[in-house]
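# Per-entry structural report
Residue strings, one per chain:
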Amino acid sequence: MERQNEADLSGKVAIVTGSSRGIGKRTALALARRGARLVVTARTVEASSSELPGTIGQTVAEIESLGAKAIAVAADLSNAGDLKQIVDSAIDRFGGVDILVNNAAVTVGFNWAAPLLEMPRADWLHHYAVNVHAPFTLMQLAVPSMESRGGGRILNV
């Protein structure tokens with residue numbers, strides 16, 4: 001089977017949430033290799049003693065080593081102000097948004113699999129704020145820019 005040619009993304013601007021590690025980081029790097037300018041975002045700004053490796057600063061450094069442009073925007077996706085800052089940063093730095101990859105999610109920790117009677121309501125609400133409401137809000141914030149640029153793509157992981 002012949003491999004499909006990958007589209008050139010030169011001049012396109014992509015936002016990738018949860019891009020300090022894992023699927024988000026790999027997605028950001030793949031988009032950078034195809035010429036996109038990136039806004040990478042996550043809560044992990046500095047290396048810590050936590051069990052999870054990777055930071056958005058490290059992701060930006062890897063993107064720049066490929067010759068692409070990127071900025072890191074630290075964000076807590078449960079905070080509506082941070083969501084606006086992500087999209088505003090893309091517009092201010094790169095002129096708009098063409099691609100939005102909603103990848104970040106709360107998937108670890110005791111409360112992810114806690115029995116019903118043991119999960120605090122605040123944790124339940126936090127899961128929904130990050131996993132459901134944040135992608136919805138980012139789509140609402142990004143679509144006007146996409147429309148003004150002739151269209152765009154949204155991927156919800």
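See the structure above.
First things first, this report covers the structure right here in the doc. Worth saying up front: this structure is predicted, and the values here are computed from it rather than measured. (Residues numbered from 1 in each chain as written. Predicted model: local features only at pLDDT ≥ 70, side-chain atom pairs only at ≥ 80, totals over all residues. Heavy atoms only, no water.)

### A short note on the packing of aromatic side chains
According to the stated counting rule, one finds one aromatic pair in the structure shown. For the ring pair Trp124 and Tyr128, a centre distance of 4.9 Å and an interplane angle of 45° mean the geometry is tilted. Note that Trp124 and Tyr128 are positioned in helix 4 (residues 121–148) at a spacing of four residues, about one turn of the helix. For Trp124, a relative accessible area of 43% gives the class partly exposed. A residue is classified by how much of its surface remains accessible, and Tyr128, at 37% relative accessible area, is partly exposed. (Phe/Tyr/Trp six-rings, centres within 6.5 Å; stacked < 30°, edge-to-face > 60°. Helix = DSSP H or I, 4+ residues; strand = E, 2+ residues; numbered from the N terminus. Buried < 20%, exposed > 50% of the residue type's maximum accessible area, 1.4 Å probe, protein only.)

### Section: the nonpolar core
Counting residues in hydrophobic clusters, the biggest one holds 21 residues, and the most contacted among them are Ile15, Val39, Leu77, Ile86 and Val97. If you list the elements that add at least two residues to this core, you get strand 1 (13–17), strand 3 (70–74), helix 3 (80–94) and helix 4. Discounting residues that sit within four places of it in the chain, Val39 has contacts with Ala14, Ile15, Val16, Ile71, Val73, Ile86, Ala90 and Phe94. Within the second largest apolar cluster, 18 residues are counted, among which are Leu29, Leu38, Ile56 and Ile63. (Core = buried A, V, L, I, M, F, W, Y, C linked by side-chain atoms within 4.5 Å. Contact = heavy atoms within 4.5 Å.)

### Here we look at the packing of helix 1 (residues 22–33) against helix 2 (residues 56–65)
With their axes 9 Å apart at the nearest point, helix 1 and helix 2 run at an angle of 25° to one another. The pairing of helix 1 with helix 2 is recorded here as roughly parallel in orientation. Crossing of helix 1 against helix 2: the hand is right-handed. Residue-level contacts link Lys25, Arg26, Ala28, Leu29 and Ala32 of helix 1 to Thr59, Glu62 and Ile63 of helix 2. Residues that form the contact of helix 1 with helix 2 fall into these classes: four nonpolar, one polar and three charged. (Axes fitted to C-alpha atoms, helices over the stretch in contact; angles between N-to-C directions. Parallel < 35°, antiparallel > 145°, perpendicular 65-115°, else oblique. Left-handed = near helix turned anticlockwise from the far one by under 90°. Nonpolar A, V, L, I, M, F, W, Y, C, P; charged D, E, K, R; others polar.)

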